[in-house]
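# Secondary and tertiary structure notes
Spelled out from the first residue to the last, the chains are:
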Amino acid sequence: EPEVTQTPSHQVTQMGQEVILRCVPISNHLYFYWYRQILGQKVEFLVSFYNNEISEKSEIFDDQFSVERPDGSNFTLKIRSTKLEDSAMYFCASSRTGPGLGELFFGEGSRLTVL
Amino acid sequence: DQQVKQNSPSLSVQEGRISILNCDYTNSMFDYFLWYKKYPAEGPTFLISISSIKDKNEDGRFTVFLNKSAKHLSLHIVPSQPGDSAVYFCAASARTFPQGAQKLVFGQGTRLTINP
């Protein structure tokens, strides 16, 4: 069964360092997303990406964050200068169809710990 | 800004009985609702969805009910099994978002424990 894969599964970094989280969405999907879940809190939307550009982003997704689809298979989230409050589980998701037409498939997540 | 609320952080049910998880929403623009199940250290897994044109959708042991006037939906699991023990998230989206964006707004989750 096709799945969304994420690497690394866990990354520990020092505050101020740059981090890149990688995702391989399901191959025939066209819509890509990043969500995050701070420990004990709800899953929060960060950004959606379609047709090689950001479709929507939340207020969390400030200038420290960027996304890229560098080739036909990878989808990355970069945090330029990490802060303590960026510590969270980051989930990549993809979907084949657009708004309200189907479910998002999530990866297993990348746990980011900022010290 | 809690547009989607799951007011019960936890629920404990006997194996074989019915589990009922509840979710309320405030944004009347939401027209598509989903339930996800999440185990520790894993991503959310899609369970079942419902469009606002329906009031019920059933898939095996899982049934979702939508009451648009009350802005309330519920997930029924019957019969409950030990493997159903997980955190359940309600999520909602609105068709009015820009093309290509299916932003899901999640509730806080309800931890369901099925006791043998």
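Now for a description of the structure that goes with this document. (Residues numbered from 1 in each chain as written. Chains lettered and ligands numbered in written order. Predicted model: local features only at pLDDT ≥ 70, side-chain atom pairs only at ≥ 80, totals over all residues. Heavy atoms only, no water.)

Next up on the list: the overall build of chain A. A tally of regular secondary structure across chain A gives zero helices and eleven strands. In sequence order, chain A lays out its α and β elements as β-β-β-β-β-β-β-β-β-β-β. The C-alpha radius of gyration computed for chain A amounts to 13 Å, which stays within 12% of the reference 13 Å derived for 115 residues, consistent with globular compactness. Dimensions along the principal axes, computed over C-alpha positions, put chain A at roughly 40 × 30 × 30 Å. Buried residues in chain A amount to 50% of all 115 residues. Excluding contacts between residues fewer than 6 apart, the proportion of contacts in chain A whose partners are at least 24 apart in sequence is 54%. Of the roughly 5700 Å² of accessible surface on chain A, a fraction of 45% belongs to carbon and sulfur atoms. For chain A, the distance from the average position of its 10 positive side-chain charges to the average position of its 15 negative side-chain charges is 2 Å. (Helix = DSSP H or I, 4+ residues; strand = E, 2+ residues; numbered from the N terminus. Rg over C-alpha atoms; globule rule 2.2 N^0.38 Å. Buried < 20%, exposed > 50% of the residue type's maximum accessible area, 1.4 Å probe, protein only. Contact = heavy atoms within 4.5 Å. Areas by Shrake-Rupley, 256 points an atom, 1.4 Å probe, with all protein chains shown as cover. Lys, Arg positive; Asp, Glu negative; His and termini not counted. Charge placed at Lys NZ, Arg CZ, Asp CG, Glu CD.)

So, about the sheet that holds strand β1 (residues 4-5) of chain B. All names here are of chain B. In spatial order, the strands read β1-β3-β8-β7-β6; together these five strands make up an open sheet with antiparallel pairing. Of all the strands in the sheet, just β1 and β6 (56-59) have a single pairing partner and so form its edges. Bridge analysis of β6 against strand β7 (residues 62-67) gives four bridges, and the strand direction is antiparallel. Bridging across to β7, D59 finds its partner in F62. (Pairing = 2+ DSSP bridges.)

Attention shifts here to the sheet that holds strand β7 (residues 65-68) of chain A. Residue and element names in this part refer to chain A. Here we have four strands laid out as an open sheet, ordered β1-β3-β8-β7, and antiparallel in their pairing. The outermost strands of the open sheet, each flanked by one partner alone, are β1 (5-7) and β7. Sheet twist, expressed as the average angle between the axes of neighbouring strands with direction ignored, equals 20°. One ladder, built from five bridges, connects strand β3 (residues 19-24) with strand β8 (residues 75-79); its direction is antiparallel. (Axes fitted to C-alpha atoms, helices over the stretch in contact; angles between N-to-C directions.)

Now for the pairing of strand β3 (residues 19-25) of chain B. Residues and elements named next belong to chain B. Alternating residues of β3 divide into S19, L21, C23 and Y25, all buried, and I20, N22 and D24, none buried. As defined by bridge partners, β1 adjoins β3 across two bridges and the pair is classed as antiparallel. Residue V4 lies in a different strand from β3, and its bridge partner there is Y25.

On to the nonpolar core, then. Within soluble globular proteins, side chains that are nonpolar generally end up buried alongside one another. Residue and element names in this part refer to chain B. Membership of the largest hydrophobic core comes to 25 residues, with the highest contact counts inside it found for V4, F30, F33, W35, L73, L75 and Y88. At the level of elements, β3, β4 (32-38), β5 (45-51), β7, β8 (72-77), β9 (86-93) and β11 (110-115) are the ones that each hand at least two residues to this core. At four residues, the largest contribution of residues to this core is made by β9. Every residue in contact with Y88, bar those within four places of it in the chain, is listed here: Q6, L21, W35, Y36, K37, L47, L75, I77, G109, T110 and L112. (Core = buried A, V, L, I, M, F, W, Y, C linked by side-chain atoms within 4.5 Å.)

The tally for this structure, following the rule as stated, stands at 17 aromatic pairs over all chains. Among the aromatic residues, those joined into a cluster by ring pairs are A:Y33, A:Y35, A:F45, A:F91, A:F106, B:Y36, B:F46, B:F89 and B:F106. (Phe/Tyr/Trp six-rings, centres within 6.5 Å; stacked < 30°, edge-to-face > 60°.)

Further remarks concern the state of the cysteines. Residues and elements named next belong to chain A. Summed over the entire model, instances satisfying the criterion amount to two disulfides over all chains. Across the disulfide from C23 sits C92; the S-S distance is 1.9 Å. Every disulfide takes its handedness from the sign of the S-S torsion; for C23 and C92 that torsion is -65°, giving left-handed. In this pair, C23 sits in strand β3 while C92 sits in strand β9 (residues 88-95), placing the two residues 69 residues apart along the sequence. (Disulfide = S-S within 2.5 Å.)

Below, the discussion takes up unusual backbone geometry. For the bond from A:T7 to A:P8, the omega torsion is -5°, close enough to zero to count as cis. Tracing the backbone through its elements, the reader meets A:P8 in the loop between β1 and β2 (10-13). In the segment running from B:V78 into B:P79, the intervening peptide bond is cis, with an omega of -5°. Examined against the element boundaries, B:P79 turns out to sit in the loop between β8 and β9. Unlike most non-glycine residues, A:N51 shows phi in positive territory, near 55°. Mapped onto the elements, A:N51 comes out in the loop between β5 (43-50) and β6 (53-57). Positive phi values are uncommon outside glycine, yet B:A41 reaches one of about 60°. You can see B:A41 is positioned in the loop between β4 and β5. Judged by its relative accessible area of 54%, B:A41 falls in the exposed class.

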